[in-house]
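# Understanding the architecture of this molecule
Given next are the chains, with one letter for each unit.
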Amino acid sequence: MSDPLSQTLAALADPTRRAILARLSVGEATVNELAEPFNMSLPAVSKHLKVLERAGLISRGRAAQTRPCRIEPETLKAVDGWLSDYRALWERRLDRLEAHLAKIQKEEKP
């Protein structure tokens, strides 16, 4: 996958990765801390982290002997920007539907 949006959406498709992002939204965490709520091995969690890192959703730093992970919100902002076009489209369609239903209800009243 060469385009960043596809890579990001593919990374977000997995519920474990979304849960990891949710945890990182409250602050940095180590791999061990991120692995705690999951019934999986540390290498499995590390694989999820690598996918998130390649997609630009997280970064890993160095602090003594740990490599804390942190969320990278700019990548999520790009996804939100892409989705906002579709959100606006559906809001307009729903507004038209609401107006049409209101018109029908008004016409049905004697």
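If you're wondering where the values come from, they're calculated on a predicted model, not measured in any experiment.

This model, assessed by the stated rule, comprises four salt bridges. Across the pair E28 and R70 runs a salt bridge whose closest N-O atoms are separated by 2.8 Å. One end of the pair, E28, is in the loop between α2 (15–24) and α3 (31–35); the other, R70, is in strand β2 (residues 69–71), and 42 residues separate them in sequence. In this structure, the salt-bridge partner of D80 is R87, at a minimum N-O distance of 3.1 Å.

Another aspect to go through is helix α5 (residues 73–108). Between its first and last C-alpha atoms α5 spans 50 Å; for 36 residues at 1.5 Å apiece the expected length is 52 Å, and the two agree. A bend of about 30° at L83 is the largest found in α5.

Moving on, we come to the packing of aromatic side chains. If you walk through the whole model with that rule in mind, you get one aromatic pair. Taking 5.1 Å as the distance between ring centres and 55° as the angle between the ring planes, the aromatic pair formed by W82 and Y86 counts as tilted. In this pair, W82 and Y86 are both assigned in helix α5, four residues apart and thus about one turn of the helix distant. With relative accessibility at 43%, the residue Y86 sits in the partly exposed group.

Soluble globular proteins tend to bury their nonpolar side chains together. By size, the foremost hydrophobic cluster in this structure holds 17 residues, and its most contacted members are I20, L24, L34, L49, L52, L57 and I58. Elements represented by at least two residues in this core include exactly α1 (4–12), α2, α3 and α4 (42–54). In this view, L34 contacts I20, R23, L24, A29, L49 and C69; residues no more than four positions away in its chain are not counted.

Between α1 and α5, the shortest axis-to-axis distance is 10 Å and the interhelical angle comes to 100°. When the axes of α1 and α5 are compared, the pair comes out roughly perpendicular. Contact residues: L5, T8, L9 and L12 in α1; T75, L76, V79 and W82 in α5. The class makeup of the residues in the contact of α1 with α5 is six nonpolar, two polar and no charged.

Criteria and cut-off values
- Note on numbering: residues in each chain are counted from 1, in written sequence order.
- Given that this is a predicted model, residues contribute local features only at a pLDDT of at least 70 and side-chain atom pairs are listed and counted only at 80 or more, while totals for whole chains, interfaces and linings are drawn from all residues.
- Working from all heavy atoms in the structure, the side-chain values ignore hydrogens and water.
- Each salt bridge in this description consists of a side-chain nitrogen of Lys or Arg and a carboxyl oxygen of Asp or Glu lying within 4 Å of one another.
- Secondary structure elements are defined from DSSP: runs of H or I of at least 4 residues count as helices, runs of E of at least 2 residues count as strands, and each element is numbered from the N terminus.
- Multiplying 1.5 Å by the helix residue count minus one yields the expected span of that helix.
- Fitting axes to the seven residues ending at a residue and to the seven starting there, one defines the bend at that residue as the angle between these axes.
- Two rings from Phe, Tyr or Trp (for Trp, the six-membered ring) form a pair when their centres sit within 6.5 Å of each other. Planes less than 30 degrees apart are called stacked, planes more than 60 degrees apart edge-to-face, and all others tilted.
- Any residue under 20% of the maximum accessible area for its type is buried, any over 50% is exposed, and the rest in between are partly exposed; the area is computed with a 1.4 Å probe on protein chains only.
- Here, nonpolar core refers to any group of buried Ala, Val, Leu, Ile, Met, Phe, Trp, Tyr and Cys residues whose side-chain atoms link them within 4.5 Å.
- Working rule for contacts: check all heavy atoms of both residues, and any pair within 4.5 Å makes them a contact.
- The convention used is that axes are lines fitted to C-alpha atoms, helices contributing only their stretch in contact, and that angles between N-to-C directions extend from 0 to 180 degrees.
- Roughly parallel means an angle under 35 degrees; roughly antiparallel, over 145; roughly perpendicular, 65 to 115; everything else is oblique.
- Put simply, Ala, Val, Leu, Ile, Met, Phe, Trp, Tyr, Cys and Pro go in the nonpolar bin, Asp, Glu, Lys and Arg in the charged bin, and everything else, Gly too, in the polar bin.

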